Amino acid sequence: MPPVFAHGRLRLYLLKLLDEAPRHGYEVIRLLEERFQGLYAPSAGTVYPRLAKLETEGLVTHATEGGRKVYSITDAGRAELADRGGELADLELEIRDSVSELAAEIRADVSGAAGDLRRELRAAASASATQVEGESWTAAKEEFRKAKAEWKEQARRAKDESRRAREEAQQARRQAKEAQERAREEVQRIAGQLQEQFAKSGGVLGSLAGAWLGGSGSTTAPSAPSEPSAPSDRSAAPAPAPDADWARDVPSTGDPARDLDRLLDRFRDDIRDAARDRGISDDQLAQARTHLADAAARIASALGPQD
């Protein structure tokens, strides 16, 4: 029998089942058997160790109800499902192919078994034609008819499951593509809002904005505020040189829009940490506002002209 799940795929499918609803281990096994119309049923020794490993990784958790562990997916587990939406769609296709192969084996077994049974019946009839009574022959034919009907029904169910798995895989691919398009539109919307907000409000962003954009040297403030500010109780420190390795630890997803969203999150967190750890005066806020305006213009220029 060919493998139903490729290496690591059962783990992903368990997350999918727990994302639908919290379940205990034997319910997961029963659901897998139902999904495959009885053609495949994993053992407890296959499912429970994987659930325990998922819990160790923080992707699922469990609560005890009625003496049984009921497993639920965590936010980290949902995040992994979202990141692997395309892989989950491929998994549905793999399941369809596995079901098709299982169905083909069943059809082959049905054909071979039917042929063997016919030959055995004919041989028995030929060897003892004078001793076979009418009722015995009728009973033998009825048993053969029932067996043949059962084999046909099993093959039909396997075919129906293969068709359903194919339709679900196609739907999952469409949903993954739509989610990617929505994410790209959301990032573009946020980038536009940031461009407007950078021109109006401030934060301690000047030197980090220059480092993120890959500029050389510190950014230049367009002008000082028209009204004098109260003297600061601390002297202004020179802007540090841009860090060429800033945010290099943020992994690339292969999607530029998604990578931009992650860099913006890192950018915002660094500024919040700097303001929280060092504090911020009115003079520094005014200076940061000019840095923001310059950073917004440079970001907009890097992203290209607006439609």
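Since the structure is predicted, the reported quantities are computational estimates derived from the model, not experimental observations.

J.: Describe empty space enclosed by the protein, naming the residues involved and giving the relevant values.
T.: Under the counting rule described, the total for this entry stands at two cavities of 30 Å³ or more. Here the second largest cavity defines a volume of roughly 30 Å³. With four residues, the top contributor of residues to the lining of the second largest cavity is helix α6 (residues 134-200). Across the lining of the second largest cavity, the residue classes tally to three nonpolar, no polar and five charged.

J.: Give a description of the nonpolar core that names residues and reports values.
T.: Core analysis: the biggest nonpolar cluster contains 23 residues, and L14, L15, L18, V28, L32 and V47 have the highest contact counts within it. Broken down by element, this core gets its largest block of residues, seven residues, from helix α1 (residues 9-20). Here L14 is in contact with V28, V47, R50, L51 and L54, once residues within four sequence places are set aside. In this structure, L194, A257, L260 and L264 belong to the second largest nonpolar core, which totals five residues.

J.: Residues and numbers for the pattern of salt bridges, please.
T.: Under the definition given, this model contains 26 salt bridges. Notably, a salt bridge pairs R268 with D265, separated by 3.7 Å at the nearest N-O pair. Of the two residues, R268 and D265 both sit in helix α8 (residues 256-278), three residues apart, roughly one turn of that helix. Exposure remark for R268: the relative accessible area of 39% places this residue in the partly exposed category. Measuring nitrogen to oxygen at the nearest pair gives 3.4 Å for the salt bridge that ties D269 to R268.

Cut-offs and rules
- Residues numbered from 1 in each chain as written.
- Predicted model: local features only at pLDDT ≥ 70, side-chain atom pairs only at ≥ 80, totals over all residues.
- Heavy atoms only, no water.
- 1 Å grid on protein atoms, 1.4 Å probe; cavity = no way out; pocket = protein on both sides within 12 Å on 5 of 7 lines; lining within 4 Å.
- Points joined across faces, edges and corners; volume = space filled by probe spheres on them.
- Helix = DSSP H or I, 4+ residues; strand = E, 2+ residues; numbered from the N terminus.
- Nonpolar A, V, L, I, M, F, W, Y, C, P; charged D, E, K, R; others polar.
- Core = buried A, V, L, I, M, F, W, Y, C linked by side-chain atoms within 4.5 Å.
- Buried < 20%, exposed > 50% of the residue type's maximum accessible area, 1.4 Å probe, protein only.
- Contact = heavy atoms within 4.5 Å.
- Salt bridge = Lys/Arg side-chain N within 4 Å of Asp/Glu carboxyl O.

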